[in-house]
Amino acid sequence: MATAAGMGIGAACLVAPQVRPGRRLRLQRVRRRCVAELSRDGGSAQRPLAPAPLVKQPVMPTFLVPTSTPPAPAQSPWPAPTPPPLPDSGVEEIEPDLEGLTEDSIDKTIFVASEQESEIMDVKEQAQAKVTRSVVFVTGEASPYAKSGGLGDVCGSLPIALALRGHRVMVVMPRYMNGALNKNFANAFYTEKHIKIPCFGGEHEVTFFHEYRDSVDWVFVDHPSYHRPGNLYGDNFGAFGDNQFRYTLLCYAACEAPLILELGGYIYGQKCMFVVNDWHASLVPVLLAAKYRPYGVYRDARSVLVIHNLAHQGVEPASTYPDLGLPPEWYGALEWVFPEWARRHALDKGEAVNFLKGAVVTADRIVTVSQGYSWEVTTAEGGQGLNELLSSRKSVLNGIVNGIDINDWNPSTDKFLPYHYSVDDLSGKAKCKAELQKELGLPIRPDVPLIGFIGRLDYQKGIDLIKLAIPDLMRDNIQFVMLGSGDPGFEGWMRSTESGYRDKFRGWVGFSVPVSHRITAGCDILLMPSRFEPCGLNQLYAMQYGTVPVVHGTGGLRDTVENFNPFAEKGEQGTGWAFSPLTIEKMLWALRMAISTYREHKSSWEGLMKRGMSSDFTWDHAASQYEQIFEWAFMDQPYVM
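What counts and how
Residues numbered from 1 in each chain as written. Predicted model: local features only at pLDDT ≥ 70, side-chain atom pairs only at ≥ 80, totals over all residues. Heavy atoms only, no water. Helix = DSSP H or I, 4+ residues; strand = E, 2+ residues; numbered from the N terminus. Buried < 20%, exposed > 50% of the residue type's maximum accessible area, 1.4 Å probe, protein only. Pairing = 2+ DSSP bridges. Right-handed = clockwise from strand over helix to strand, strands pointing away. Salt bridge = Lys/Arg side-chain N within 4 Å of Asp/Glu carboxyl O. Axes fitted to C-alpha atoms, helices over the stretch in contact; angles between N-to-C directions. Contact = heavy atoms within 4.5 Å. Phe/Tyr/Trp six-rings, centres within 6.5 Å; stacked < 30°, edge-to-face > 60°. Lys NZ or Arg CZ within 6 Å of the ring centre and 35° of its normal. Expected span 1.5 Å × (residues − 1). Lys, Arg positive; Asp, Glu negative; His and termini not counted. Polar contact = N/O pair within 3.5 Å; in protein donor to acceptor, adjacent residues only side chain to side chain.

Quick notes on the overall build of the chain
Item 1. The number of helices and strands found in the chain is 19 helices and 24 strands.
Item 2. A burial count over the chain gives 54% of its 641 residues as buried.

As C-alpha cells, this is what we get:
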C-alpha cells in the first residue's frame, strides 16, 4: 500500500509559492479545484484529485495480506507498462494571477496543470456535487465490458455521471475472458498487485487490471474462474455451479482495492462509499462489518445496496457458509430457511445462506431502481421472501429511477438510424418507420400503426399474454414486430406466427443492438406487459425516440409512464398508457386506445410524442439523487459496527 509520502502529492496538484495573507483564502479555493494529468497509461484524460485530507495508511487486517510482486517471467501473460514520469518541479513555479478574479469566478474555474501548459476552463455548464466523495461500485457486470441486462447499463453509466459531478469513482468487476469478451478489456493494464483470499478451503490469488476511462477508474479482478466459455453467469447447461465462489472472490477483492491500488498516484483510502449491486456484490457490506471494522479499518466507510432485481438472491446450501471465510457468529446475517412447500423432500430442513439477505441486514442504505419497486419489495407479492426484512428497514429504503445514456440513445445523433430527428423536427421519424418496414419486408404504410416489443422471451415479460392476444390484434389494421430470445417455445411461436401473418407480423429471434435502435425509432407504439419490472429501460428509450409506450402499471413502468389524460386542467397530459391489472382484456383495451388516438387524433398523438421526448431521464438527474442517499448514509454511524 502507498503512504502519503510516496504518492507524489506535489506532482498531483498545482502548487503556488507563498502569497500575501489577504490572498490565501482565494488561492486555497483554487487549489481545491486543481486537476493534474495523472493518467496511468499516459493518456490525456484529466484525473481529479483524491479527496483531501489524505488518509493515513490503514492497518491491514491480518487475514488479507498483499503478496509481494515476483519478478516478471519471460513469458508474462500481462503487459506491465511503465507509468509516465511525474511532472517536474517546474510546475511549482506557476502562480495563478488572482488579481481581478471575483469570488464567484473562482468558484466556477478549474486550473489544469500539465507538463506543457496550464489553462483555465469554464465549467459553468457542468453540475457539481456539494460534497465530493470516493465512490466504489461493485458489480458483476458493466457496459461496455460485459453486459447481460439492465444491471450492466446502470453500472456502465451511473459511475461516469457521478465522476462528471466531481466524485472520485472506481468500478470493480470481474475480468471475464471467454473469447468474445477479450477485446473489451484490451485497454486495461496489469497493476502488478496480487492478493490471496482465504476462502473455500484455501488461499486463492487474484490480480488487478485497470483502465482509466471517462474520468472513472475501471478495476478488473482477474482469476481463472472468470475465464471460461459461456455467458457471464452460465452456459447452455445452466448457471455455473461455482458462482458463489466466483463472486465471493469479487467481494473480497473489492474491499481490498481501495486500500492497495495506487490509481493516478493515490489510493482511495478508507472513507469510501461502497455501492454494491445485486447479490453478486452483496457480501461486501458483510465483510466490512465482520472482517474489517473489528481491525479498525473502514470505520468511516459506508455501503449502499442497490437492488436491480430481487428475484436473484444468491442462495446456496447452508453447508457452504464455512467456505465464505466469515466468523461463525455472523451466520445469522446470511441465514435463510425455505418454507416447507419449497423443500425438496421430507428430510430437507430448508437451511441455506442468502447473499442478498446479508446485504439487506448490514448495508447502511438500500436503494431500488424505481420508487414503485421500493414499495413492491415490501409486499408479499413482490418481496420474494424478503418482504418482512425489507419492511423492517423502510426508514432507509428509497427508490431512484435509472437514467439513460443520451450519447447512445439520442434520435438526433443515433448512428444506427437511417434518418435523424428531434422534438423540434419529427419528420425523420416517419422516414425511419418506412425504412424499418422495408427492412422487415412489411408493406410500407404510414397510416398503419406499427407496434413493437423488445426484450427477453420469458414469463416475466408477459410474452404469454402477447401470444394469446395476437389473434385478436391481427384482425385490426396494424403491424407488429418483436425482437428477443429466451424460451425456445416462445421463439418457435414467433417463427410460426410470422409465417401465418406475412403482411402484419415479424419475429426477430435473437438480439441486435442496431436493430433494437431501429425498432425503437421506427415503431409508433412500444408494448411492455411485464409482470414485474424493477425499473425498465425500453420504455425510457421509447419516449426519448417519440415512440408511445403501452405498459403494465408495475414497478418502474408505473413510475415513468404517465397515463394519457386529454381532459386535464392545463390541457392534455401524459406520455402513454399504463394498464392494470395484468389481463388480456386490459392490455387489448390500452392498445386499442393508443391505436385509436394514433389514427383519429393526430395533434394529441404528437403531444404524446413530444412530452415523452421532453422528459428528463438523464443519468445526471439520477446521480444527484444518489448523492442525497450518500449524504444520508454518512450522517449516522455504520449500521453494523
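So that's the structure; there's more coming.
Remarks on the pairing of strand 13 (residues 302-307)
Item 1. With six of six residues buried, strand 13 is to be regarded as a mostly interior element.
Item 2. A two-sided burial pattern is seen for strand 13, the buried positions comprising Arg302, Val304 and Val306 on one face and Ser303, Leu305 and Ile307 on the other.
Item 3. Note that strand 12 (residues 272-277) and strand 13 share five bridges and pair parallel. Residue pairing for strand 13: Asn277 is matched across the bridge by Val306.
Item 4. Between the parallel pair strand 12 and strand 13, the chain is carried across by helix 6 (residues 283-292), and the sense of this crossover is right-handed.

Observations concerning the pattern of salt bridges
Item 1. One pass over the structure, following the stated rule, counts 17 salt bridges.
Item 2. A salt bridge links Arg228 to Asp242, with the shortest nitrogen-to-oxygen separation between them at 2.8 Å. Highlighted residues: Arg228 in the loop between strand 9 (216-222) and strand 10 (234-235) and Asp242 in the loop between strand 11 (238-239) and helix 5 (243-260), separated in sequence by 14 residues.
Item 3. Here Asp242 falls in the partly exposed class, since its relative accessible area comes to 22%.
Item 4. The shortest N-O distance in the salt bridge between Arg445 and Asp447 comes to 3.4 Å.
Item 5. Arg445 gets classed as partly exposed once you look at its relative accessible area, which sits at 31%.
Item 6. Look at Asp447 and you get partly exposed, because its relative accessible area is 44%.
Item 7. The structure contains a network of salt bridges with shared partners spanning Arg165, Asp620 and Glu627.

Here we look at unusual backbone geometry
Item 1. In this structure, the amide linkage connecting Ser143 to the following residue, Pro144, adopts the cis form with an omega of 5°.
Item 2. Tracing the backbone shows Pro144 in the loop between strand 5 (134-138) and helix 4 (150-164).
Item 3. The step from Ser580 to Pro581 runs through a cis peptide bond, and the omega angle for that step is 5°.
Item 4. Within the element layout of this structure, Pro581 appears in the loop between strand 24 (577-579) and helix 17 (584-600).
Item 5. Within the chain, Gln384 stands out as a residue other than glycine whose phi angle is a positive 50°.
Item 6. By secondary structure assignment, the location of Gln384 is in the loop between helix 9 (371-376) and helix 10 (387-392).

Here's the deal with the sheet that holds strand 23 (residues 548-552)
Item 1. In spatial order, the strands read 21-20-19-22-23-24; together these six strands make up an open sheet with parallel pairing. The sheet is open, and its two borders are formed by strand 21 (505-509) and strand 24, each paired with just one other strand. When the angles between neighbouring strand axes are averaged without regard to direction, this sheet yields 15°.
Item 2. The pairing of strand 22 (residues 525-528) with strand 23 spans four bridges and is classified as parallel. Across the sheet, the residue bridging to Leu527 is Val550, located in strand 23.
Item 3. In the packing of helix 12 (residues 463-473) onto the sheet, contacts are made with strand 19 (450-454), strand 20 (479-484), strand 21 and strand 22, and the angle to strand 20 comes to roughly 160°.

Some thoughts on the sheet that holds strand 15 (residues 335-337)
Item 1. Spatially, three strands are ordered 14-16-15 in an open sheet, and the strand pairing comes out antiparallel. The outermost strands of the open sheet, each flanked by one partner alone, are strand 14 (315-317) and strand 15. The sheet shows a mean angle of 45° between the axes of neighbouring strands, direction not considered.
Item 2. Packing against the sheet, helix 8 (residues 355-362) makes contact with strand 15 and strand 16 (351-354), and its axis sits at approximately 60° to strand 16.

Some details on the packing of aromatic side chains
Item 1. The full count for this structure, using the stated rule, is 22 aromatic pairs.
Item 2. Centroid distance Trp493 to Phe505: 5.9 Å. Interplanar angle 65°. Geometry classified as edge-to-face. Residue Trp493 is located in helix 13 (residues 488-500), and its partner Phe505 is located in strand 21; the two are separated by twelve residues in the primary sequence. For the residue pair Trp493 and Phe505, the accessibility class agrees, reading buried in each case.
Item 3. The residue whose ring lies beneath Lys586 is Trp589, and the NZ or CZ to ring-centre distance is 5.7 Å.
Item 4. Looking at Lys602, its charged tip hangs above the ring of Tyr598, at a distance of 4.1 Å from the centre.

Comments concerning the pairing of strand 9
Item 1. Within strand 9, seven of the seven residues are buried, leaving the element largely enclosed by the surrounding structure.
Item 2. Judged from the six bridges that link them, strand 6 (residues 168-174) and strand 9 form a sheet pairing that is parallel. Bridge pairing in strand 9 links Met170 to Asp217.
Item 3. The sheet contact formed by strand 8 (residues 202-213) and strand 9 spans seven bridges and is antiparallel. The residue of strand 9 that forms the bridge with His210 is Val219.
Item 4. Hairpin connection of strand 8 to strand 9: two residues between the antiparallel strands, including Asp214 at a positive phi of 55°.

What about the environment of Trp605?
Item 1. Mapped onto the elements of the fold, Trp605 is located in helix 18 (residues 602-613).
Item 2. For Trp605, a relative accessible area of 5% translates into the label buried.
Item 3. Placed 41 residues apart in sequence, Trp605 and Phe564 show a C-alpha to C-alpha distance of 9.9 Å.
Item 4. Non-local contacts of Trp605, meaning those with residues more than four positions away in its chain, are made with Asp524, Ile525, Val548, Trp577, Ala594, Thr597 and Tyr598.

Overview of helix 17
Item 1. If you check helix 17, its first and last C-alpha atoms are 24 Å apart, about what 17 residues at 1.5 Å a residue would give, namely 24 Å.
Item 2. Within the span of helix 17, buried status applies to Met587, Leu588, Ala590, Leu591, Ala594, Ile595, Thr597 and Tyr598.

Focus: the side chain of Arg506
Item 1. Relative to the elements of secondary structure, Arg506 occurs in strand 21.
Item 2. Buried charge Arg506 goes without a salt bridge, the closest partner of opposite sign being Glu498 at 4.5 Å.
Item 3. For Arg506, the side chain forms a polar contact with the main-chain oxygen of Gly441, separated by 2.9 Å.
Item 4. Not counting residues up to four positions away in its chain, the partners in contact with Arg506 are Leu440, Gly441, Leu442, Phe480, Val481, Met482, Glu498 and Tyr501.

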